[in-house]
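Summary of the model geometry
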Amino acid sequence: MTQVYDRVALIGLGLIASSMFWAIKRGGLAGEVTGYARSAETRDKAREIGLCDRVCDTAIDAVKDADLIVLCVPVGAMGAVAEEIAPYLKPGATVSDVGSVKQSVIDAVGPHLPDDVHFVPAHPLAGTEHSGPTSGFAELFDNRWCLLVPVEGSDPEAVAKLRALWEGIGANVEEMDAEHHDLVLAVTSHTPHLIAYTMVGVADDLRRVTDSEVIKYSAAGFRDFTRIAASDPTMWRDVFLTNKDATLEILGRFTEELFALQRAIRTGDGDLLHAYFTRTRAIRRGILQAGQDVDSPDFGRGKAKK
Ligand code: NAP
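Values in this document were obtained by computation on a predicted structure and should not be read as measured data.

It is worth spelling out the site of the ligand at this point. Around the ligand sit 26 residues, and of these Leu 13, Ser 39, Thr 42, Val 73 and Ser 100 come closest. In the model, an oxygen atom of the ligand is placed 2.7 Å from a nitrogen or oxygen of the Leu 13 main chain. Between the ligand and Ile 16 there is a distance of 2.9 Å, counted from an oxygen atom to a backbone nitrogen or oxygen. When the ligand sits alone it has 910 Å² of accessible area, and the protein chains cover 84% of it.

Structure representation (structure tokens):
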């Protein structure tokens, strides 16, 4: 594979940044990768495990002379980080991010960036419930989607280069506008996470079933919910605070459907339940056929480091 950028800076060194680093190294996609995380503990851990060619003690040092800067911090922290690094960006450099919500990141980051820097927001649709510098692995993005969300006036060459990087990392790349991205993700990721958090919360509250029973007898459905509900609290708090409208819209629809199913159960409408579950089963088959998941009990995430 050929090198895409001379120097890449990763700001934030958690699951996504560390997976990007290992994939960039695997593909020989950058000359040098610098990294920065806010805590000394994370920076020390990164140095210990060889995460990044150079770990810097300030974000400013990490971004100096970088051709691509990728913000890999929680969505709510993007604006402050952009403000801090903005005066030190190299003219002609590209700033991107990996945030799970796009419009709010564009609003928070865009105004801080100088005119001679390109801004190409992105979102890789891959993750696990693990976080931190040791949780990443090179294969995380293989055959997953990465959505590029260019802002108005984005330089086509800068977009093409970022596309080449993500393709080199192993992802399939598509472009989408921010509003549509946030709605699609509210359906496919954000609301399902909220439902999982709720279901695990319900089991925890239900004192008639003891905690040990929940753990001992947890059937596959509940186990999958607990995996999702173990996701990083800071990241997910920020997702709901910043993708408010789309999540509330989908939650409204979800509640209506839930009431319809609740009513079908109460009235014994087996036909409705059967027809509903037949329709949803076809969606799962579609996901498998599209290669977006595998039909195994751990949902193909066995590679994730514990
Ligand atoms: P993570 O493993 O928790 O890592 C977050 C990193 O950001 C850490 O290095 C942390 O530094 C740093 N950080 C946290 N708060 C900060 C702040 N206020 N200022 C500066 N740095 C800060 O998170 P992640 O899963 O890689 O997620 C990073 C981004 O990717 C998020 O925007 C998320 O929405 C997006 N994303 C996540 C997934 C997923 O499934 N996890 C998937 C796609 C996209 P310390 O370690 O020093 O605290």
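We are not done yet, so read on.
Turning next to the pairing of strand β1 (residues 5-11). Consecutive side chains along a regular strand alternate between the two faces of the sheet. The element β1 is extensively covered by neighbouring structure, given that 5 of its 7 residues are classed as buried. Across 6 bridges, β1 lies against strand β2 (residues 30-36) in parallel orientation. Opposite Tyr 5, over in β2, you have Ala 30 as the bridge partner. Strand direction decides the pairing type here: β1 and strand β4 (residues 68-71), joined by 4 bridges, are parallel. Across the sheet, Ile 11 pairs through a bridge with Leu 71, a residue of β4.

Strands sit in the order β3-β2-β1-β4-β5-β6 across an open sheet of 6 strands; the sheet is parallel. Two strands lie at the open edges of the sheet, namely β3 (54-55) and β6 (118-119), each paired on one side alone. Direction of pairing for β2 relative to β3: parallel, over a ladder of 2 bridges. Across the sheet, the residue bridging to Thr 34 is Arg 54, located in β3.

A separate point is the domain arrangement of the protein chain. For the protein chain, the assigned domains read domain 1 (5-176) and domain 2 (180-267). Averaged C-alpha coordinates put domain 1 and domain 2 at centres separated by 29 Å. Facing 16 residues of domain 1, the contacting portion of domain 2 comprises 16 residues. A buried area of about 1200 Å², summed over both sides, lies between domain 1 and domain 2, and 67% of it is on carbon and sulfur atoms.

This part is about the pattern of salt bridges. Oppositely charged side chains can pair when the atoms bearing their charge come close. With the rule as written, the count across this model stands at 17 salt bridges. Taking the shortest distance from any N to any O, the salt bridge between Lys 45 and Glu 48 comes out at 3.3 Å. One end of the pair, Lys 45, and the other, Glu 48, are both in helix α2 (residues 40-49), 3 residues apart, so they sit about a helical turn from each other. Across the pair Asp 67 and Lys 90 runs a salt bridge whose closest N-O atoms are separated by 2.7 Å. Of the two residues, Asp 67 is situated in the loop between α3 (59-63) and β4 and Lys 90 in the loop between α4 (78-85) and β5 (94-97); the sequence distance between them amounts to 23 residues. By relative accessible area, which is 29% here, Lys 90 ends up partly exposed. Salt bridges sharing partners connect three or more residues here, namely Arg 7, Glu 32, Arg 54 and Asp 65.

Even without being a glycine, Asp 65 presents a positive backbone phi close to 70 degrees. Backbone geometry places Asn 143, a non-glycine residue, at a positive phi of 60 degrees. Tracing the chain through its elements places Asn 143 in the loop between β7 (122-124) and β8 (145-148).

Turning our attention to the sheet that holds β7. As summarised here, the arrangement of the 3 strands in space is β7-β8-β9, forming an open sheet in which the pairing is mixed. Unpaired on one side and paired on the other, β7 and β9 (172-175) mark the two borders of the sheet. Put simply, the sheet's adjacent strands are angled 20 degrees from each other on average, direction ignored. The pairing of β7 with β8 spans 3 bridges and is antiparallel. Looking across to β8, one finds that Pro 124 is bridged to Cys 146. The strands touched by helix α6 (residues 156-169) are β7, β8 and β9; relative to β9, the strand with the most contacts, the crossing angle is about 150 degrees.

As a volume, the second largest pocket reaches approximately 200 Å³. Taken together, Gln 103, Glu 179, Asp 182, Leu 183, Thr 242, Asn 243, Lys 244, Asp 245, Ala 246 and Glu 249 make up the lining of the second largest pocket. Among the secondary structure elements, those contributing two or more residues to the lining of the second largest pocket are α7 (178-205) and α11 (244-267). Looking at the lining of the second largest pocket element by element, the count peaks at 4 residues for α11. Class assignment for the residues of the lining of the second largest pocket results in 2 nonpolar, 3 polar and 5 charged.

Calculation notes
Residues numbered from 1 in each chain as written. Predicted model: local features only at pLDDT ≥ 70, side-chain atom pairs only at ≥ 80, totals over all residues. Heavy atoms only, no water. Near = heavy atom within 4 Å. Polar contact = N/O pair within 3.5 Å; in protein donor to acceptor, adjacent residues only side chain to side chain. Areas by Shrake-Rupley, 256 points an atom, 1.4 Å probe, with all protein chains shown as cover. Buried < 20%, exposed > 50% of the residue type's maximum accessible area, 1.4 Å probe, protein only. Helix = DSSP H or I, 4+ residues; strand = E, 2+ residues; numbered from the N terminus. Pairing = 2+ DSSP bridges. Domains from an automatic or database assignment. Contact = heavy atoms within 4.5 Å. Buried area = accessible area lost by both parts, 1.4 Å probe. Salt bridge = Lys/Arg side-chain N within 4 Å of Asp/Glu carboxyl O. Axes fitted to C-alpha atoms, helices over the stretch in contact; angles between N-to-C directions. 1 Å grid on protein atoms, 1.4 Å probe; cavity = no way out; pocket = protein on both sides within 12 Å on 5 of 7 lines; lining within 4 Å. Points joined across faces, edges and corners; volume = space filled by probe spheres on them. Nonpolar A, V, L, I, M, F, W, Y, C, P; charged D, E, K, R; others polar.

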